[in-house]
Number of protein chains: 2
Amino acid sequence: MTKIYLAGPDVFLPDAIEIGRRKAAICARHGLIGLYPLDNAVDLAAAHASLAIFKGNEAMMDAADAIIANLTPFRGPSADAGTVYELGYMAGRGKLCLAYSNDPAVYVERVKRNYDVTKSATGHLIDRDGLTVEDFGLPDNLMMIHTLDLHGARLVTPRQRPQDIWHDLTSFEACVALAADRATGKSD
Amino acid sequence: MTKIYLAGPDVFLPDAIEIGRRKAAICARHGLIGLYPLDNAVDLAAAHASLAIFKGNEAMMDAADAIIANLTPFRGPSADAGTVYELGYMAGRGKLCLAYSNDPAVYVERVKRNYDVTKSATGHLIDRDGLTVEDFGLPDNLMMIHTLDLHGARLVTPRQRPQDIWHDLTSFEACVALAADRATGKSD
């Protein structure tokens, strides 16, 4: 049975364990096994707690056939760094890469929420430090978006940002359905 | 000769091409070949420009033996998402993973620059949305920091943030020296 690594900043939510259970239950309904990261099963007061979490998560990724990454923006215009690392790791391992973002806004719009964006003398968008703002009409950095296109399926986004961006699992479930289709060979 | 993929938000700098040349020259002085991403060699007005950049960068990573990632915080408390993706990809491919950050501050301090951080009822640090703020005394998300510890070498940081955080290459050169040592078997 196909195992799916469930990556996302969900582990930082106050109800992190409960949302992990909900995600695993959705996977089970689609005939898949959801593997939820160990951040919450480790004694955070123990010495080397962060290393224990890393090793547990890496072993879980190695055991999984696919990743479903929650790329909803986290403390800035881009996805959570830990989740992005894990997406890259799974792509590097040749695993099926699926992801969703509960914020459908394109990257330029996300940056504008927190930073001034202007045009450079050569006509491209820059932030106040003069660094280019990627303007390809994609929701996040091109490396993440196109790895999904080539090594999985297009980023799943809702038409509109849901009311509860951290608990709405509609787009997550769409990813699970995609993974289930791949697992049973209904599409490729 | 060892090939090093030079990942970082450097590609977004106004003088992106020049800093790529400087990084490649430092690699050459240490007997290594630096491969700098293609973002600036692609016609940005062309259709599918972002996909062309992705494919070029992925092929370059596949050709490289190691990565040196610039994990200096980028539009928020964490590193640039594209760079983090690439670090994960190279770790997944089993390549040597090295990185530096020109900002030595720990993650909690970085978050506090832009967000209110308080204590939850259970005593751990949370942001205004109630999401946990990682508090392991590490500079960034534990997945990135510990992949370096286990698949390369500890994150290189300066004692103090350099005046020009985007152009100071002291910590970058320390990573190149580490890569050169590994390449010639002087250490492991």
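This text goes with the structure placed above it.
Residues numbered from 1 in each chain as written. Chains lettered and ligands numbered in written order. Predicted model: local features only at pLDDT ≥ 70, side-chain atom pairs only at ≥ 80, totals over all residues. Heavy atoms only, no water.

### Quick notes on the side chain of D140 of chain B
Next up, step 1: Note on placement: D140 of chain B falls in the loop between β6 (125-126) and α5 (142-151).
Next up, step 2: Within the structure, the side chain of D140 of chain B is placed 2.7 Å from the side chain of S78 of chain B, a separation counted as a polar contact.
Next up, step 3: Ignoring sequence-local partners within four residues, the contact set of D140 of chain B consists of A81 of chain A together with P77, S78, A79, Y107, R110, E134 and I145 of chain B. (Helix = DSSP H or I, 4+ residues; strand = E, 2+ residues; numbered from the N terminus. Polar contact = N/O pair within 3.5 Å; in protein donor to acceptor, adjacent residues only side chain to side chain. Contact = heavy atoms within 4.5 Å.)

### Focus: the interface of chain A and chain B
Next up, step 1: At the interface, 53 residues of chain A touch 53 residues of chain B.
Next up, step 2: A combined buried area of about 4200 Å² lies between chain A and chain B, and 67% of that area is made up of carbon and sulfur atoms.
Next up, step 3: Sorting the residues of chain A by area buried against chain B places R75, Y85 and M143 of chain A first, and these three jointly supply 20% of that buried surface.
Next up, step 4: Where chain A packs against chain B, one counts two salt bridges.
Next up, step 5: Linking chain A with chain B are 24 residue pairs in polar contact (both at pLDDT 80 or more), by the criterion used here.
Next up, step 6: Those elements that place two or more of their residues in the side of chain A that touches chain B are α2 (49-63), α3 (81-92), α4 (107-112) and α5 (142-151) of chain A.
Next up, step 7: Among the elements that take part in the side of chain A that touches chain B, α3 of chain A stands out by supplying ten residues, more than any other. (Buried area = accessible area lost by both parts, 1.4 Å probe. Salt bridge = Lys/Arg side-chain N within 4 Å of Asp/Glu carboxyl O.)

### A few points about helix α2 (residues 49-63) of chain B
Next up, step 1: Given a rise of 1.5 Å per residue, 15 residues ought to cover 21 Å, and the 21 Å separating the end C-alpha atoms of α2 of chain B matches this to within 8%.
Next up, step 2: Along α2 of chain B, the residues classified as buried are A49, S50, I53, F54, G56, N57, E58, M60 and M61 of chain B.
Next up, step 3: As for α2 of chain B, its buried residues are in contact with α5 of chain A together with β1 (3-7), β2 (33-35) and α3 (81-92) of chain B. (Expected span 1.5 Å × (residues − 1). Buried < 20%, exposed > 50% of the residue type's maximum accessible area, 1.4 Å probe, protein only.)

### Comments concerning empty space enclosed by the protein
Next up, step 1: Inspection of every chain in the model, using the stated rule, returns five cavities of 30 Å³ or more.
Next up, step 2: One number sums up the size of the largest cavity: a volume of about 180 Å³.
Next up, step 3: Around the largest cavity sit 19 residues that line it, and F74, S78 and A79 of chain A together with S78 and A79 of chain B are the ones nearest its centre.
Next up, step 4: The residue makeup of the lining of the largest cavity, split by class, is eleven nonpolar, four polar and four charged. (1 Å grid on protein atoms, 1.4 Å probe; cavity = no way out; pocket = protein on both sides within 12 Å on 5 of 7 lines; lining within 4 Å. Points joined across faces, edges and corners; volume = space filled by probe spheres on them. Nonpolar A, V, L, I, M, F, W, Y, C, P; charged D, E, K, R; others polar.)

### Concerning the sheet that holds strand β4 (residues 96-100) of chain B
Residue and element names in this part refer to chain B.
Next up, step 1: Read from one edge to the other, the open sheet built from four strands follows the order β2-β1-β3-β4, with strand pairing classed as parallel. Of all strands in the sheet, those bounded by a partner on one side alone are β2 and β4. When the angles between neighbouring strand axes are averaged without regard to direction, this sheet yields 25 degrees.
Next up, step 2: As paired elements, β1 and β2 share three bridges and run parallel to each other. By the bridge assignment, K3 is partnered in β2 with I33.
Next up, step 3: Against the sheet, helix α1 (residues 16-29) touches β1, β2, β3 (66-70) and β4, its axis set at about 150 degrees to β1.
Next up, step 4: Against the sheet, α3 contacts β1, β3 and β4, and its axis sits at roughly 160 degrees relative to β3. (Pairing = 2+ DSSP bridges. Axes fitted to C-alpha atoms, helices over the stretch in contact; angles between N-to-C directions.)

### Let's talk about the relation of the copies chain A and chain B
Next up, step 1: Expressed as a screw transformation, the operator carrying chain A onto chain B has a rotation angle of 180 degrees and an axial translation of 0.0 Å, and the superposed copies differ by an RMSD of 0.0 Å. Put plainly, the chains are arranged around a two-fold axis.
Next up, step 2: Take the interface residues of chain A: 100% of them recur as interface residues in chain B, which is what a same-surface contact looks like. (Least-squares fit on C-alpha atoms with pLDDT ≥ 70 in both.)

### Here's the deal with the pairing of β1 of chain B
Residues and elements named next belong to chain B.
Next up, step 1: Here β1 lies mainly inside the structure; four of its five residues are buried.
Next up, step 2: Read from β1 through α1 to β2, the crossover connection turns out right-handed.
Next up, step 3: Where β1 meets β3, four bridges bridge the pair, whose relative direction is parallel. Within β3, the position partnered with Y5 by the bridge is I67. (Right-handed = clockwise from strand over helix to strand, strands pointing away.)

### Here we look at the environment of A81 of chain B
Next up, step 1: Relative to the helices and strands, A81 of chain B resides in helix α3.
Next up, step 2: Under the relative-accessibility criterion, A81 of chain B is labelled buried at 6%.
Next up, step 3: With residues up to four places along the chain from it excluded, the contact list for A81 of chain B reads S78, V84, D140, N141 and M144 of chain A.

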